[in-house]
Amino acid sequence: MAHIVIIGAGIGGMPMAFEMKEQARAEDRVTVISESAKFHFVPSNPWVAVDWRKRKDIELDIAPTLKRKGIELIAQGAQRVHPERQQVELLDGTVVDYDYLVIATGPKLAFDEIPGMGPDGYSQSICHVSHAETAKLNWDRFTADPGPIVVGAVQGASCFGPAYEYAMIMDTDLRRRKIRDQVPMTYVTSEPYIGHLGLGGVGDSKGLLESAMRDRHIKWICNAKTTKIEDGHMFVTEHDDNGQPKKEHVLPFKHSMMLPAFKGVDAVFGIEGLTNPRGFITIDEHQRNPKFTNIFSVGVCVAIPPVEATPIPVGTPKTGFMIESMVTATAHNIREMLDGKEPSHKATWNTVCLADFGDTGAAFVALPQIPPRNVSWFAEGKWVHLAKVAFEKYFMRKMQKGTSEPFYEKMVMDMMGIVKLKDKK
Ligand SMILES: Cc1cc2nc3c(=O)[nH]c(=O)nc-3n(C[C@H](O)[C@H](O)[C@H](O)COP(=O)(O)OP(=O)(O)OC[C@H]3O[C@@H](n4cnc5c(N)ncnc54)[C@H](O)[C@@H]3O)c2cc1C
């Protein structure tokens, strides 16, 4: 009998638990350690912030499904991983022994790296549903008394899609309220150009996103370092292509949301051999840590190098499609180890993302994620908004049923006949 422990119950952790249970032998135990007994569908957070969704629409109790599937749940945060002892220490001091560990904790949000940033400071966040609920309260006040908006992503950020999404969704919401004319909007980003997305661009993402921003009267500042945020003012240094300071901006705002940089969670930060200097889990091509070979990792907490050097540092995004393939590879690799074999499965490092603009949207497909690519495809249209809604419903249902059925985004897109990914591999 082996005990397989998964830390985290998000987009990576929950499918990991279901797929691991299917791959494990009858006698093995699978346990999820999660700081919350709820699953949240993070991609819908921007909709919560403008009140197009309520928290209850994108939140699920995980205990009933896990129980039905024979997966144990410890609804408590992990305080520290002890790889030498093969133990996870919980917040209450108790320890959980494991034979195999899968770390799926997502990121720690590094708001502290910029004075005044984040929900405890002066800008909003959509990274967690609780932050999005706070942003919604701010949005209510803002729409009653509008003014300038500053939105974007700071230096070291890796998740640019949601920043564009939120800018476009706010624009759509303001147009519906017929107050868009009262709101100057500026997109501030560490990306070297609009549409870089931490991926070196995808297809004509630069042209299409610039055009979408112009259509919506959203100005932008690229190669930007956000130096501090005060009540109603953002301080930004714009840089040239060599990374030299070019212009200082003080941008007034009445509503602001900036995507932070990510780092690893405290439970693993600084464990030699397990994490890189930012606290992300280092893995080999089989999702396995090279030093502690019974530890695997999936999702945003995995260390991935930047796609290319940029004047201001930007990270590489880890999106759902890629996370799903990490999960499948990990479950199969652990099974192989249980059978006394060496792991052989590899994740496909592909990016498929649907970015909602509220009424329309943009989809990008990068196969593989790092250029040069076999497929680099970017398109805009109303169908993307519909596909994103379908993706949300599909994923929530999948979490409720406890199925590990893979390739959800591929299926959504295949079902809609938009793009046949399997033909593009
Ligand atoms: C606003 C936003 C929108 C996004 N939209 C999309 C999209 O449309 N499409 C797409 O493909 N990708 C999207 N992404 C990127 C990515 O898919 C998500 O970030 C996704 O949630 C990552 O999954 P994860 O499992 O790695 O982390 P998470 O979903 O964040 O899950 C981490 C889990 O670990 C738990 N945890 C953390 N620390 C501990 C601890 N110490 N002990 C126990 N539990 C712990 C957390 O509570 C959480 O349950 C988006 C990201 C953001 C931030």
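Just so it is clear, the structure is predicted and the values come from calculations on it, not from any experiment.

1. Focus: the overall build of the protein chain
Consideration 1: Tallying secondary structure elements over the protein chain gives ten helices and 22 strands in all.
Consideration 2: What you see for the protein chain is a C-alpha radius of gyration of 21 Å, in line with the 22 Å of a compact globule of 425 residues.
Consideration 3: Residues counted as buried form 60% of the 425 residues belonging to the protein chain.
Consideration 4: Considering only contacts within the protein chain whose residues lie at least 6 apart along the sequence, 66% involve residues at least 24 apart.
Consideration 5: Accessible area for the protein chain stands at about 16,700 Å²; split by element, carbon and sulfur atoms hold 51% of it.

2. Quick notes on the sheet that holds strand 15 (residues 233-239)
Consideration 1: Spatially, 14-15-16 is the arrangement adopted by the three strands of the open sheet, whose pairing is antiparallel. Each edge of the sheet is formed by a strand with only one pairing partner; in this case those strands are strand 14 (224-230) and strand 16 (245-252). Across the sheet, the mean angle from the axis of one strand to that of its neighbour is 15°, orientation sign disregarded.
Consideration 2: Sheet analysis places strand 15 next to strand 16, joined by seven bridges and oriented antiparallel. When the bridges of strand 16 are listed, methionine 234 appears paired with leucine 251.

3. Concerning unusual backbone geometry
A negative phi holds for most residues other than glycine; trans holds for most peptide bonds.
Consideration 1: Cis geometry is adopted by the peptide bond preceding proline 368, which originates at leucine 367 and carries an omega value of -10°.
Consideration 2: Turning to its location among the elements, proline 368 is positioned in the loop between strand 21 (361-367) and strand 22 (375-380).
Consideration 3: Even without being glycine, aspartate 51 reaches a positive phi, approximately 70°.
Consideration 4: Structurally, aspartate 51 can be placed in the loop between helix 2 (45-49) and strand 4 (59-61).

4. Remarks on helix 7 (residues 320-338)
Consideration 1: The terminal C-alpha atoms of helix 7, which comprises 19 residues, lie 27 Å apart, in line with the 27 Å expected from a rise of 1.5 Å per residue.
Consideration 2: Within helix 7, 17 of the 19 residues are buried, which leaves it mostly tucked inside the rest of the structure.
Consideration 3: Taken from the residues just after helix 7, glycine 340 is the one with a positive phi, measuring 80°.

5. Points about the site of the ligand
Consideration 1: Neighbouring the ligand are 30 residues; Gly12, Glu35, Ala78, Gly320 and Lys388 lie closest to it.
Consideration 2: A distance of 2.7 Å is found between an oxygen atom of the ligand and a backbone nitrogen or oxygen belonging to glycine 12.
Consideration 3: The contact in question runs from an oxygen atom of the ligand to an N or O atom on the backbone of threonine 105, over 3.3 Å.
Consideration 4: Calculation on the ligand without its partners gives an accessible area of 970 Å², and the protein chains cover 91% of this total.
Consideration 5: At the level of elements, helix 7 and strand 20 (351-356) are the ones that each hand at least two residues to the shell around the ligand.
Consideration 6: Among the residues forming the shell around the ligand, the class breakdown is 16 nonpolar, ten polar and four charged.

6. Some remarks on the side chain of lysine 136
Consideration 1: Position of lysine 136 among the secondary structure elements: in helix 4 (residues 129-144).
Consideration 2: With sequence-adjacent residues up to four places away left out, lysine 136 is seen in contact with Val48, Ala49 and Asp51.

7. Overview of the environment of alanine 26
Consideration 1: Mapped onto the elements, alanine 26 comes out in the loop between helix 1 (13-23) and strand 2 (29-33).
Consideration 2: Separated by 25 residues in the primary sequence, alanine 26 and methionine 1 have C-alpha atoms spaced 8.7 Å apart.

8. Regarding the side chain of threonine 189
Consideration 1: Residue placement: threonine 189 occurs in strand 12 (residues 185-189).
Consideration 2: Every residue in contact with threonine 189, bar those within four places of it in the chain, is listed here: Ala153, Phe160, Ile194, Ile221, Cys222, Asn223 and Ala224.

9. Remarks on the packing of aromatic side chains
Consideration 1: Taken as a whole, this structure holds eight aromatic pairs when the rule is applied.
Consideration 2: Considering the side-chain rings of phenylalanine 41 and phenylalanine 391, the 5.3 Å spacing of their centres and the 80° angle between planes classify their relative orientation as edge-to-face. Of this pair, phenylalanine 41 sits in the loop between strand 3 (38-40) and helix 2 while phenylalanine 391 is found in helix 8 (residues 382-401), placing the two residues 350 residues apart along the sequence.
Consideration 3: The buried category is assigned to phenylalanine 41, whose relative accessible area is 0%.
Consideration 4: Take phenylalanine 391: its relative accessible area is 6%, and that puts it in the buried class.

10. Things to note about the UniProt feature "domain: FAD/NAD(P)-binding" (unreviewed entry) in the protein chain
Consideration 1: UniProt's entry tags residues 3-302 with the feature "domain: FAD/NAD(P)-binding" (unreviewed entry), counted in the numbering of this structure.
Consideration 2: Secondary structure content for residues 3-302 is 22% helix and 28% strand, and the end C-alpha separation is 22 Å.

Cut-offs used in this document
- Residues numbered from 1 in each chain as written.
- Predicted model: local features only at pLDDT ≥ 70, side-chain atom pairs only at ≥ 80, totals over all residues.
- Heavy atoms only, no water.
- Helix = DSSP H or I, 4+ residues; strand = E, 2+ residues; numbered from the N terminus.
- Rg over C-alpha atoms; globule rule 2.2 N^0.38 Å.
- Buried < 20%, exposed > 50% of the residue type's maximum accessible area, 1.4 Å probe, protein only.
- Contact = heavy atoms within 4.5 Å.
- Areas by Shrake-Rupley, 256 points an atom, 1.4 Å probe, with all protein chains shown as cover.
- Pairing = 2+ DSSP bridges.
- Axes fitted to C-alpha atoms, helices over the stretch in contact; angles between N-to-C directions.
- Expected span 1.5 Å × (residues − 1).
- Near = heavy atom within 4 Å.
- Polar contact = N/O pair within 3.5 Å; in protein donor to acceptor, adjacent residues only side chain to side chain.
- Nonpolar A, V, L, I, M, F, W, Y, C, P; charged D, E, K, R; others polar.
- Phe/Tyr/Trp six-rings, centres within 6.5 Å; stacked < 30°, edge-to-face > 60°.
- UniProt positions renumbered as here; feature names shortened; annotations may be inferred.

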